[in-house]
Amino acid sequence: MATFLYRLGRGAFRRRGLVALIWVALLFAAGFGAASASAPTSGSFSIPGTEAQKAFDVLDKKFPGMAADGATARIVIKAPAGAKVSDPEPKAQVEKIVEDLKSGPGKDQISSVADPYQSQAVSQDGSTAYISTKYKVSGMELTDATRDALKESGKDAQAKGLTVEIGGDALMAAPETGSGEIIGIAIAAIVLVITFGSLIAAGLPLLTALIGVGIGVSSITALANVLDLGNTTSTLAMMIGLAVGIDYALFIVSRYRAELAEGRERDEAAGRAAGTAGSAVVFAGLTVVIALVGLAVVNIPMLTKMGFAAAGTVVIAVLVALTLVPAILGFAGKKVLSAGEKSKLFGKGKPAGAEKKANGGTRWARFVLRRPVMVLLAGVIGLGIIAIPASKLEMGLPDDGAQPVSTTQRQAYDMLSDGFGPGFNGPLMVVVDGDKALADRTVERIKGLEGVAAVMPPMPNEAGDASMISVIPKDRPSSTQTEDLVHTIRDGSGDDVMVTGATAMNIDFSQKMNDALLPYLALVVGLAFLLLMLVFRSILVPLKAALGFLLSVVAALGAVVAVFQWGWLGSLFGVEQTGPIMSMMPIFMVGVVFGLAMDYEVFLVTRMREAYVHGERPGQAVVTGFQYSARVVVAAAVIMIAVFAGFIGASEQMVKMIGFGLAVAVFFDAFVVRMAIVPAVLALLGHKAWWLPRWLDRLLPNVDVEGESLRRHLKDAAGSSEGPDKDRELVNV
């Protein structure tokens, strides 16, 4: 492989004009497709194999036109102190809101508006009422006019002294991350400048990463409606694509500069960078693709599509690193070098043979080699302590109760809880696939259950062979008591009685994610173990990589639980409401962090393996790996931490949690596991680290990441009777 990538990189460098033109054409083609496509929707959401999904399927069949997945809104109205919403003036204002919604700009997207005085949606003390509004489409598909009409519906009532707040998913919009992302990218640029000492070299990874992400995200946008991808897919693809795109270009450019420093010609340096660092890029990219495609084991179509789309963006990032980066290096010339490196190339630096000062990576590696046991124990015990809260992990999906207290959704949630009880924020929908007699028996049974605040009369369909029953729990939707109530209703009912609704769907979704976590871990870690065994020709090195990753992920989950579930240091990160950890968070963190962690493992340890194969002793190979790779790995990790930390400033708790979790996980994995535990373990193992049974060595194909076959090829080509011209013919593609 190294020889093929050498030819590819050198060919891209020499034909840089054509290569750059092809990538620019792809970018414009993808951009044109995205601009021509209709705006992406939220995508269909289903959880195959769950009772909640089965109930929704019955609703679609027995209650046609109901739009079970349509958006909902609750306009909550509270009368001034000492007054009631049934008094003439407040009642007139409430009825005006109902009429405005029915006849306003968004009426075409509304399927029903319930008058609170007819639907018994007035609290017992008469202080609060709510208007239930059902829409024909999901929240992300509502037009701006419809959403604005909803927001403006209570303005007149507020002017008359009533308190009006709006809850529900009709106000759902793409979460705003504020300036955090921009700051993160700015920090990435600063880190690149410091790392390379050259504005051109620093800008190159950002430019190529943006081109790759632009092609990937534009392609997803163009195909979103055709493949039912949903509007959140491009966000994940952008996050992952930007992360790996910068990383991969960073390592290619770094190796290119190292080859130039050894006196190579520019095209030769580009080819060797692609053949060595490019091999690591290919296998690092494969680990990320495995992690993302592995989301299919969860068996949730939305997640599967998101994983495949993001994996496609990673593939584009790898191709960009192997072809476009060498091409742009050809345009850049020696401008990718810092001033000091240019001076050395032109003979104005230190004299040949002068002793080089050991860099920070070398000094750190030597420190670890002197005290491997102390460093190993400190890293493992430290991460182990941080991981302790993960044993108390509670998973769920956030509702309006997790919103910041300043939002109208949170205030509407609190008003409903105060006026009607916490359970009104998450009613259960019981679907009865049978006649009225079965529905009546179901109502009587549910009324006698503990934890039930109210049971509405059954609402039959036109054919009379199915009914819907609304059940109001006593406790809030995300509580364990409500989850127990859902299971109690299900356990005491037959196959014809099913519990669904947003609360039940959240419970089933969380359970499905929890059940899929271990199989997903086994699949991803197992496949990556085999892949790393091919790369490193070792059993213990891949095993160490997998165990180190698990340690960093569990420690990151412990930090997330401590901050977002227990509230430790919550004010520092803007956490206003503690609660269960988002059920998608653990498996999402495993997928993303695993891919990035294996990036750092491959880039760092590959250079050690390369030195070991070329004759260095195990300890010296560790020092060599850190000498050439530590600075770049640290820079890549700092960039990723900055990008992910930018999401902590988001307004939504879910986005804030993802940003915090990924930033902490990358910090633990890069700086504790890869930079401390890995060299300590390798120092203790010595030659055993690179041991592989002979029978297994014969079975495994040799992928030659360290470039040994490439060196032999170049040596043979250089020594052939045909001379350099023949060599150029061999490698020019």
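This text follows the structure it describes.
Treat the numbers as computed from the prediction; the structure is a model and nothing was measured. In this convention, every chain numbers its residues from 1, walking through the sequence in written order. With the structure being a predicted model, the display of local features is reserved for residues of pLDDT at least 70 and the display and counting of side-chain atom pairs for 80 or more, all residues being used for whole-chain, interface and lining totals. Computation of side-chain values covers all heavy atoms of the structure but excludes hydrogens and water.

## Some details on the pairing of strand E10 (residues 497-500)
The rule is simple: take the accessible area with a 1.4 Å probe, protein chains only, and divide by the maximum for that residue type; under 20% is buried, over 50% is exposed, in between is partly exposed. The helix count covers DSSP runs of H or I at least four residues long, the strand count covers runs of E at least two residues long, and both are numbered beginning at the N terminus. Burial along E10 is two-sided: Val497 and Val499 facing one way and Met498 and Thr500 facing the other are all buried. In short, DSSP must find at least two bridges between two strands for them to pair. As judged from the 4 bridges shared by strand E6 (residues 428-432) and E10, these two strands associate in the antiparallel manner. Bridge pairing in E10 places Val430 opposite Val499.

## Quick notes on helix H8 (residues 199-227)
With 29 residues, H8 should reach 42 Å at 1.5 Å per residue; the first-to-last C-alpha distance of 40 Å fits that figure. Along H8, the helix axis deviates most sharply at Thr221, where the bend reaches about 30°. Expected span of a helix, by definition, is 1.5 Å for each gap between consecutive residues, and there is one gap fewer than residues. The bend at a residue is defined as the angle formed between two axes, one fitted to the seven residues ending at that residue and one fitted to the seven starting there.

## Examining the environment of Arg363
The residue Arg363 is located in helix H13 (residues 360-370) in this model. Once the C-alpha coordinates of Arg363 and Gln627 are considered, the two residues, 264 residues apart in sequence, prove to be 8.5 Å apart.

## Here's the deal with helix H9 (residues 233-261)
If you check H9, its first and last C-alpha atoms are 42 Å apart, about what 29 residues at 1.5 Å a residue would give, namely 42 Å. Of all 29 residues making up H9, 25 are buried, and the element is well covered by its neighbours. Of the residues one or two after H9, Gly263 is the one with positive phi, at around 95°.

## Remarks on a nonpolar patch on the surface
Together, Val373, Leu377, Ile381, Ile385, Ile388 and Leu684 make up an exposed nonpolar region whose accessible area comes to about 570 Å². Considering each element in turn, the nonpolar patch owes the most residues, 4 residues, to helix H14 (residues 372-387). Judged by relative accessible area, which is 47%, Leu377 ranks as partly exposed. Candidates for patches are residues over 30% relative accessible area with no salt bridge; among them, like charges are joined within 9 Å and nonpolar side chains (Val, Leu, Ile, Met, Phe, Trp, Tyr) within 5 Å. What sets the accessible areas is the Shrake-Rupley method with a 1.4 Å probe; for residues, cover comes only from the shown protein chains. Think of a salt bridge as a Lys or Arg side-chain nitrogen and an Asp or Glu carboxyl oxygen that are within 4 Å of each other.

## Some details on the environment of Ser510
Among the secondary structure elements, Ser510 is positioned in helix H18 (residues 502-536). According to the relative accessible area criterion, Ser510 is buried, its value standing at 10%. Along the chain, Ser510 and Met584 lie 74 residues apart, while their C-alpha atoms are 7.5 Å from each other. The criterion used for residue contact is that any of the two residues' heavy atoms lie within 4.5 Å. Discounting chain neighbours no more than four positions away, the residues touching Ser510 are Met395, Gly396, Leu397 and Ser583. A polar side-chain atom of Ser510 sits 3.4 Å from a polar atom in the side chain of Ser583. Whenever two N or O atoms come within 3.5 Å, that pair is a polar contact, provided that in protein one can donate a hydrogen and the other can accept it, and provided that, for residues adjacent in sequence, both atoms are side-chain atoms.

## Side note on the packing of aromatic side chains
Here a pair means two rings of Phe, Tyr or Trp (six-membered ring of Trp) with centres within 6.5 Å. Their orientation is stacked below 30 degrees between planes, edge-to-face above 60, and tilted elsewhere. Using the criterion set out here, one finds 11 aromatic pairs in the structure. Ring centres of Phe564 and Phe660 lie 5.5 Å apart, and the angle between their planes is 65°; this geometry places the pair in the edge-to-face category. Of this pair, Phe564 sits in helix H19 (residues 540-565) while Phe660 sits in helix H22 (residues 653-685), placing them 96 residues apart in sequence. An identical accessibility class is assigned to Phe564 and Phe660; each is buried. Measuring from ring centre to ring centre gives 4.8 Å for Phe573 and Phe660, while their planes differ by 70°; the resulting arrangement is edge-to-face.

## Structural notes on the nonpolar core
By convention a nonpolar core is built from buried Ala, Val, Leu, Ile, Met, Phe, Trp, Tyr and Cys residues, the set being connected through side-chain atoms within 4.5 Å. With 169 residues, the main nonpolar core has Tyr248, Tyr256, Phe549, Met589, Phe644 and Leu662 as its most contacted residues. Other than its neighbours up to four places away in sequence, Tyr256 contacts Phe13, Arg266, Ala269, Ala270, Ala273, Leu329, Gly333 and Val336. Judged by nonpolar contacts, the second largest core, of 20 residues, contains Ala71, Ala73, Val113 and Leu162.

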